[in-house]
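A structural walkthrough
What follows is each chain in one-letter form.
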Amino acid sequence: MIRAVEASQAVSAPVLAAYRYCETVTGQQARNFAYGIRLLPTPERRAMSALYAFSRRVDDIGDGELPGAVKVERLEDTRALLGRVQAGKVEEDDTDPVAVALAHASAVFPIPLGGLDELIDGVQMDLRGATYETWDDLKVYCRCVAGAIGRLSLGIFGTEPGARGVERAPEYADTLGLALQLTNILRDVREDAEGGRTYLPADDLAKFGCSAGFAGPTPPEGSDFAGLVHFEVRRARALFAEGYRLLPMLDRRSGACVAAMAGIYRRLLDRIERDPEAVLRGRVSLPGREKAYVAVRGLSGLDTRHVSRQTLRGRA
């Protein structure tokens, strides 16, 4: 997974325009993600924006107001477009800027584009109204919609030559994606319920008396909603702890990017843990100044050094 391609090649005007489009989409629609990728060198930042723009398109199809049959058709069209990218059949003058940018990024970096097929599979699970009995069931979905993004991103970041345990880097990237997605699920529990979706495992909901769901700003009567949230927070923290083992395997700026994005979500978890019912009243978020602090902390390498020390102690 060591970076094998020199990314500083000259970029043509049509490709630059395509990347600018993707960066605009990213800046407007992915504030947490954008805080992280702004720490990357230009080629990596552009490639991550292309990944995000394609992923955003897939998510928007799933979350939009179109009839279900039309959504299925649009997803298959998007999968076909991805197939063209994978086959090297997208030219620089193609009318789809996302396809142009993604095609260039995948030519420059060893991106495992099959992960985007997995993302489409995950959104199709949503369209089928899939529910999840156990955490193992939910992990399958999370790996499609978030773990795959972690593995795709690792194709852009690459790993540092000589990094210990580098063969497990894709596993750690996948696990970090699961941690981010479980945090998203907790944050959006009411919004998802209003849209007819339930992601938290049915076993967990039953254990804490929450099987009735979350239709309003208060927990189900007689439930231990705080207990449910704290249980899922602990699970997410364990995933973060495992996924953070990726950080020492990355170069400084890639590690800063990952630490910033993950750090924002870890702080969201802290807020949710302090006030579990806040997720039923509205979307929990961080102010811009706190996100900026997390980005600076990531760039300083504090999180990477902390993980490195913990890993060394574990080997002692």
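Rules and cut-offs
- Residues numbered from 1 in each chain as written.
- Predicted model: local features only at pLDDT ≥ 70, side-chain atom pairs only at ≥ 80, totals over all residues.
- Heavy atoms only, no water.
- Axes fitted to C-alpha atoms, helices over the stretch in contact; angles between N-to-C directions.
- Helix = DSSP H or I, 4+ residues; strand = E, 2+ residues; numbered from the N terminus.
- Parallel < 35°, antiparallel > 145°, perpendicular 65-115°, else oblique.
- Left-handed = near helix turned anticlockwise from the far one by under 90°.
- Contact = heavy atoms within 4.5 Å.
- Nonpolar A, V, L, I, M, F, W, Y, C, P; charged D, E, K, R; others polar.
- Disulfide = S-S within 2.5 Å.
- Buried < 20%, exposed > 50% of the residue type's maximum accessible area, 1.4 Å probe, protein only.
- Expected span 1.5 Å × (residues − 1).

Glancing now at the packing of helix α3 (residues 42-63) against helix α5 (residues 97-108). A packed helix pair is summarised by two numbers, namely the angle formed by the two axes and the spacing between the axes. Their axes nearest at 9 Å, the elements α3 and α5 cross at an angle of 135 degrees. As summarised for this structure, α3 and α5 are arranged oblique, according to the angle between their axes. Here the hand of the crossing between α3 and α5 comes out left-handed. Contacts from A47, A50, L51, A53, F54 and R57 of α3 reach α5 at V98, A101, L102 and A105. Taken together, the residues of the contact of α3 with α5 sort by class into nine nonpolar, no polar and one charged.

Right, let's get into the state of the cysteines. Throughout the structure, instances matching the rule amount to zero disulfides. Take C210: it sits in no disulfide, and the sulfur closest to it among the cysteines is that of C142, at 18 Å. When its relative accessible area of 0% is taken as the criterion, C210 is described as buried. The thiol of C257 is not disulfide-bonded; the next cysteine sulfur, from C22, is found 16 Å away.

Taking 1.5 Å of rise per residue, the 19 residues of helix α4 (residues 68-86) would be expected to cover 27 Å, and the 27 Å separating its terminal C-alpha atoms lies within 8% of that figure. Its buried side turned inward, α4 meets α3, α5 and α6 (114-127). Note on α4: the residue one or two positions beyond its end, G88, has a positive phi of about 70 degrees.

By themselves, these figures tell us nothing about what the structure is for.
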